[in-house]
Amino acid sequence: MTSSTFLGLIHNAALLLALCLLYEMFGFRLRQSRNVPVQMVAGLILGGIGITIMLTPWNFGSGVVFDTRSVLLVVTGFFLGTVPTCIAMAMTGAYRVFLGGSGAGMGVTVILLSGLTGLVWRHLRPGRGTPGLVELYLMGIAAHLLMLAATTLLPAHIRGEVLASIAVPVMSIYPLTTAILGNLLVRSEKRRRGEEELRQSEERYRHLVENANSIILRIDGSGRILFANPFASAFFGYDMEELLQRHVVGTIVPAIDSRGVNLRAVVDDIFSNPGEYRLYENENIRKDGSSVWVSWTNSAICDPSGQVSEVLAVGNDISERKRAEEALKESERNFRSLFASLKDMLFVAGNNGRLLTGNDALRQTLGYDQGQLSTMPLEELFAVDSREEVRHLLQPQNRGQGDERLLPLVTRNGAVIPAATVLWSGMWNGQPCVYGACRDRRRELEAERRFEQLFRHNPALMALTRESDGTFADVNDAWLRATGYRREEVIGKTSRQLDLFVSQDEQEEAAKILRETGSIADVELTIRGRDGSPLQGLFFGERIGSGENSHFLTVMLDISERKRMEKERLELETRLQTAHKMEALGTLAGGIAHDFNNILGAIIGYAEMLRDDSPAGSPAYNDSDQVLKAGMRAKELVRQILAFSRQSSFEKVALQPGPIVEEAVKLLRASLPATIVIVEDIENDCGPVLADPTHLHQIVMNLGTNAFHAMEGGGGVLEVRLGRVSQTEELRGDVGRLAAGDYVRLSIADSGDGIAPEVRQRIFDPYFTTKEVGKGTGLGLATVQGIVAEYGGAVVCDSVLGQGTTFHVYLPASGAVAQVEEERDVAEVAGGEHILLVDDEPILADLGRAMLQRAGYRVTSRTSSLEALSAFQNQPELYDLVITDQTMPGMTGIDLARRLLQLRPGLPIILSTGYGNALSEERVRAMGLAGFAMKPLVKKDIVTLIRQVLAKRGR
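Positions within a chain are numbered from 1, following the residues in the order the chain's sequence is written. Only residues with pLDDT of at least 70 get local features here, since the model is predicted, and only at 80 or more are side-chain atom pairs given and counted; chain-wide, interface and lining totals rely on the full set of residues. For the side-chain quantities, the full set of heavy atoms in the structure was used; hydrogens and water were omitted.

Draft legend 1. A look at the overall build of the protein. Numbered from the N terminus, helices here are DSSP runs of H or I no shorter than four residues, and strands are runs of E no shorter than two. A count of helical and extended segments in the protein gives 30 helices and 31 strands. Sequence-distant contacts, at least 24 apart, represent 59% of the contacts inside the protein between residues at least 6 apart. Shrake-Rupley sampling with a 1.4 Å probe provides the accessible areas, and residues are treated as covered by the protein chains on show and by no other component. Accessible surface, the protein as shown: approximately 49,300 Å² in total, 54% of it carbon and sulfur. Contacts between residues were defined by any pair of non-hydrogen atoms, one from each residue, lying within 4.5 Å.

Below you can see the structure in the form of structure tokens.
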């Protein structure tokens, strides 16, 4: 063994350490990965290091070399594991084979033994902790003893020499190198692990700070914000750039808060006395100016000299807590204020039954002061007879049930006060207690006494019923008087058991509302008295009491008399409205009659002239004759309208009703559809009767029209019968109000649906109708009844639902002889006199002139009363007679007549009008006029009137 051997091995070991340090600097992290490709890269790098150190070996001889690859491989196997070690062994083993020589076998064997030693030691080492120098050194010794043992693979002639030369250097240098290299790697691993842990710790701290739901700030000694987490910037409403480097005062802290605290001084003092402000609550402000409360945890950060350089402030929003605290304080203040001010007597007692406090009402009512109450047992507040029950109620299991007990109180001077008491458990100043409330019942008892008097003697009908079962608990005297019951017959029974209400459904509906809402008002119901007589009442009701003591107090105002008066009032109003309608209708009818008379006058006049000009029996003669008949009927209808409006009167004449009924039926048949068949049974000689022909015509038309409407939907049979009957007992049963005697009965029947009984009661009411709008006014039957009643007759309706309706009209028969109209030849009586005809309607003026000229008169016509006056003034003696219309513009007929009579007294003047307007023949004659004629003027009537007037004047 020579020094060169030591130096060679030391140089090789130093190269190994240098290369491993270089690897550790750039590639040690690769060892930490369990990824196979990464481990393979690590194996390649370590294999390269092994080959590098094999390039500078210590040569013992030709083909025999020694280097520190064994140290590398044993450390690789121990620290890096199987994959990198196998790759490194393969590379270095291949390279050793490549070098060749007599030591190649030993070299490859040493490579295998070194790597396997590290791997085996890795898996069989006794502990899993960090290896120390001793363990690493022993592993190096074990590996290199195996290396020395591998020298047996050398050629025999050099085996002993090699072993003797290398044993000491190898065992001196290689185990130590193994320990140094291993310890280097262990320390490097510890350092890197510490760095990683520090990095992870910093990462966790950063993540915690950035995601914390708390405000985190770092503030320097001048009070400026150095750091703020995202929550802080969002909480105060600033962007991060806006918040940093700003002074806390004026940014997130007001200089003076709402309590008057100088927060600027507090911020300055934190850096001088950080311990005083470790936990601190103060008011803060946001960017929008809103105020928030924050609880701060402040920690001082010191520089190396121990001076406070920064403050770490962690804050949490406590605004809700502050508001809750303020609300709690306010609630406590309100409770104490309420406790002291309530009119009910309140007290608080401990669980031991001793009083703690009482409110003003308790002290004033009982005469104690607070000091006296604080020394008293609770039971002494109550009357002696009630104290046992009070002690029972003080037991915890008997409190808080909400039951009110009637426990009299006793005052300091011994007076007993009736009271209702409730006890319940609670807390007072953090300790369990008993709360109590007492209600002074003196006024209540007085009110009950007064209520009893008011209830008993009230003139209104009052009843008290239990809500639970609806039975009567009490009724007052007025109720008993009105219904006729005795009290014992009512108490304990329900209204249904008494069959009290006429309409049970209405009563149940009112009771339902009373139960659901607790009250009713202005509900009209009808009850029965004990004798069954009805009483109409206006009901009011209210729920009184609660729970099992809940009752309904009902008050009934007897409105039977008021209802009767209201009914009479409504009937009077209806009659008045009807009268107003009739008056308005009369005014309208009169106006229509005036205009219609002018039109009708032209029709009748020209029809008369046409008939006079036509040969008898010719079509023109017959047609004009029919026009005249219709015109005369229309004339009579106009006269009826005027009578209806009280502007004209009708004259009853003895007539046979048969021909008039037949004529009306003919007109009716023309207006009916083919689906309705008319059956006639008319006695032409059943009369006579005293009546107006137009009235009879109107009766037939109205009743016939009603029958048509009853059958309009499906057709049917309309029967018209006319005959003479006598008022017998049988007839008296139907129309008993008729006097005894003979009657003409007109019966008009339909096969329609009939009339319901409730409708039949109103069919003769004016303006009542069941027809659609436009098909009836409700005046038809009322008019028929009015006409028949005026004649002393009666109208009877006989109707059965589904079987049709029959109206019977009874008119008294007359013993007079029926008048027969005679045709007169009016032309023979004309005397050629000169007549002044005045009418503002040109067509009537022309018609009158033509009509009178045909009758043999000379006629001058004027359409203006003023023109007529002027013409008369010029030649007053020229005219023998004047016929003037009444209604004319400028000057009425009456005024014109007065002026003419002033010019020529005794002048025969005939006044004509189509609108009576309170004019009558008597009034006209009283004014000095010779005659009065109603329009339309018929030739024979006006000519006859002219001859009569002229005859009286001696002409």
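Draft legend 2. Layout of the side chain of S912. For S912, the position within the fold is in strand β30 (residues 909–913). Setting aside chain neighbours within four positions, we find S912 in contact with T884, D885, Q886, A933, K935 and L937.

Draft legend 3. Seen up close, the environment of M171. Inspection of the secondary structure puts M171 in helix α7 (residues 156–211). Residues M171 and L148 lie 23 residues apart in sequence; the distance between their C-alpha atoms is 9.0 Å. When neighbours within four sequence positions are excluded, M171 is seen to be in contact with Y137, I141, H144, L145 and L148.

Draft legend 4. Molecular detail of helix α27 (residues 865–874). Here's how the labels work: a residue is buried when its accessible area is under 20% of the maximum for its type, exposed when over 50%, partly exposed in between, all with a 1.4 Å probe on protein chains only. Turning to α27, its buried residues are S865, A868, L869, A871 and F872. The arc that holds every buried residue of α27, seen down its axis, measures 165°, which confines them to one face. Taken together, the buried residues of α27 touch β27 (834–838), β28 (858–862) and α28 (893–903). N or O atoms within 3.5 Å of each other form a polar contact, as long as, within protein, one can give a hydrogen and the other can take it, and as long as residues adjacent in sequence are counted only when both atoms are side-chain atoms. Between the side-chain oxygen of the N-cap and the backbone nitrogen of L866 there are 3.3 Å, and the N-cap of α27 in question is S864. This arc is built from the directions going out from the helix axis to the C-beta atoms.

Draft legend 5. Summary view of the nonpolar core. Counting 40 residues, the largest nonpolar core has V661, I699, L718, L746, I748, F807 and V809 as its most contacted members. No other element matches helix α22 (residues 693–710), which puts six residues into this core. Not counting chain neighbours up to four residues away, the residues in contact with V661 comprise I682, V700, V720, L722 and L746. The criterion is simple. A nonpolar core is a set of buried Ala, Val, Leu, Ile, Met, Phe, Trp, Tyr and Cys residues joined through side-chain atoms within 4.5 Å. Core analysis: the next-biggest nonpolar cluster, separate from the first, contains 37 residues, A150, I158, M171 and Y174 among them.

Draft legend 6. A look at the pairing of strand β16 (residues 472–475). DSSP bridges decide pairing: two strands pair if at least two such bridges lie between them. As judged from the three bridges shared by strand β15 (residues 461–466) and β16, these two strands associate in the antiparallel manner. In the strand pairing of β16, L464 is matched with D474. Connecting β15 to the next strand, β16, in antiparallel fashion are five residues, including G470 with a positive phi near 75°.

Draft legend 7. Highlighting the sheet that holds strand β5 (residues 279–285). Strand order in the open sheet made by the five strands is β4-β3-β7-β6-β5, with antiparallel pairing throughout. Sheet topology places β4 (225–228) and β5 at the edges, where each strand pairs with a single neighbour. The sheet shows a mean angle of 30° between the axes of neighbouring strands, direction not considered. Pairing analysis gives three bridges linking strand β3 (residues 215–220) to β4, with the strands arranged antiparallel. Looking at the pairing, L217 lines up with A228 of β4. Note on geometry: axes are C-alpha line fits, over the in-contact stretch for helices, and angles between N-to-C directions span 0 to 180 degrees. The strands touched by helix α10 (residues 263–272) are β3, β5, β6 (291–302) and β7 (308–317); relative to β7, the strand with the most contacts, the crossing angle is about 130°.

Draft legend 8. Looking closely at the packing of helix α5 (residues 104–124) against helix α6 (residues 133–149). Relative orientation of the contacting elements α5 and α6 amounts to 150°, with a least axis distance of 9 Å. Judged on the interaxial angle alone, α6 and α5 are roughly antiparallel. The way α5 lies across α6 gives a crossing that is right-handed. Residue-level inspection shows M106, V110, L113, T117 and W121 of α5 in contact with α6, the latter providing E135, L138, M139, A142, A143, L146 and M147. Residue composition of the contact of α5 with α6, grouped by class: 10 nonpolar, one polar and one charged. Roughly parallel here means an angle under 35 degrees, roughly antiparallel means over 145, roughly perpendicular means 65 to 115, and every remaining angle is called oblique. Each crossing gets its handedness from the near helix: less than a right angle anticlockwise from the far helix is left-handed, clockwise is right-handed. Only Asp, Glu, Lys and Arg are considered charged, only Ala, Val, Leu, Ile, Met, Phe, Trp, Tyr, Cys and Pro nonpolar, and every remaining residue, Gly among them, polar.

Draft legend 9. The arrangement of the packing of aromatic side chains in detail. Note on ring pairs: Phe, Tyr and Trp rings are taken, using the six-membered ring of Trp, and paired if centres are within 6.5 Å. Classes follow the plane angle, with under 30 degrees stacked, over 60 edge-to-face and the rest tilted. With the rule as written, the count across this model stands at 11 aromatic pairs. Plain terms: the ring middles of W424 and Y435 are 5.8 Å apart, the flat faces sit at 20° to each other, and that makes the pair stacked. Residue W424 is located in strand β13 (residues 419–428), and its partner Y435 is located in strand β14 (residues 431–440); the two are separated by 11 residues in the primary sequence. Classification of Y435 by relative accessible area gives buried; the value is 11%. When the centroid spacing of 5.9 Å and the interplanar angle of 45° are considered together, the rings of F501 and F539 count as tilted. With F501 in the loop between α17 (487–490) and α18 (504–517) and F539 in strand β18 (residues 534–544), the pair connects residues that are 38 residues apart, well separated along the chain. Overall, the relative accessible area of 10% leaves F501 in the buried class. Taken together, the ring pairs connect F231, F235 and F236 into an aromatic cluster. Placement of a charge over a ring requires the Lys NZ or Arg CZ to be within 6 Å of the ring centre, with the centre-to-atom vector within 35 degrees of the ring normal. Looking at R286, its charged tip hangs above the ring of F235, at a distance of 4.5 Å from the centre. Above the ring of W293, the side-chain terminus of K322 is found at 4.5 Å from the ring centroid.

Draft legend 10. Seen up close, the packing of helix α21 (residues 657–671) against α22. Look at α21 against α22: their axes get within 9 Å of each other, and the N-to-C directions meet at 40°. As judged from the angle between their axes, α21 and α22 are oblique. Every pair of crossing elements has a handedness; the one defined by α21 and α22 is right-handed. Residues P657, I660, V661, A664, V665, L667 and L668 of α21 form the contact with α22, whose participating residues are P693, L696, H697, V700, M701, G704 and T705.

Draft legend 11. Geometry of the pattern of salt bridges. Salt bridges are defined as contacts in which a side-chain nitrogen from Lys or Arg sits within 4 Å of a carboxyl oxygen from Asp or Glu. Under the counting rule described, the total for this entry stands at 37 salt bridges. In this structure, the salt-bridge partner of E310 is R218, at a minimum N-O distance of 2.8 Å. Taken together, the positions of E310 in strand β7 and R218 in strand β3 put the pair 92 residues apart, joining distant regions of the chain. The exposure class of E310 is buried, given its relative accessible area of 17%. On the basis of relative accessibility, which here comes to 27%, the residue R218 falls in the partly exposed class.

Draft legend 12. How the structure looks around a nonpolar patch on the surface. Patch membership is restricted to residues that have no salt bridge and whose relative accessible area is over 30%. Joining uses 9 Å for like charges and 5 Å for the nonpolar side chains Val, Leu, Ile, Met, Phe, Trp and Tyr. Among the surface-exposed residues, I592, F596, I599, I603 and V627 lie close enough to one another that they form a single nonpolar patch of about 430 Å² accessible area. If one sorts the elements of the nonpolar patch by residue count, helix α19 (residues 560–613) sits on top with four residues. If you trace the backbone, I603 turns up in helix α19. The exposure class of I603 is partly exposed, given its relative accessible area of 41%.

Draft legend 13. View of the environment of L263. Within the element layout of this structure, L263 appears in helix α10. Among the residues examined, L263 registers a relative accessible area of 1% and is labelled buried. Sequence-wise, L263 and V253 are 10 residues apart; in three dimensions their C-alpha atoms are separated by 7.1 Å. When sequence neighbours within four positions are dropped, the list of residues in contact with L263 reads V253, P254, A255, D257, Y280, N282 and E283.

Draft legend 14. The sheet that holds strand β21 (residues 676–682), seen in detail. If you walk across this open sheet you meet the five strands as β21-β23-β24-β26-β25, and the pairing is mixed. Two strands lie at the open edges of the sheet, namely β21 and β25 (794–800), each paired on one side alone. Adjacent strand axes in the sheet meet at a mean angle of 15°, parallel and antiparallel pairs treated alike. Summarising the sheet, β21 and strand β23 (residues 716–726) pair through seven bridges and their orientation is parallel. Following the sheet pairing, I678 is matched in β23 by L718. Here α21 sits on the sheet and contacts β21, β23 and β24 (742–750); the angle it forms with β21, its principal contact strand, is near 175°. Against the sheet, α22 makes contact with β21, β23, β24 and β26 (804–812), and its axis sits at roughly 30° relative to β24, the strand it touches most.

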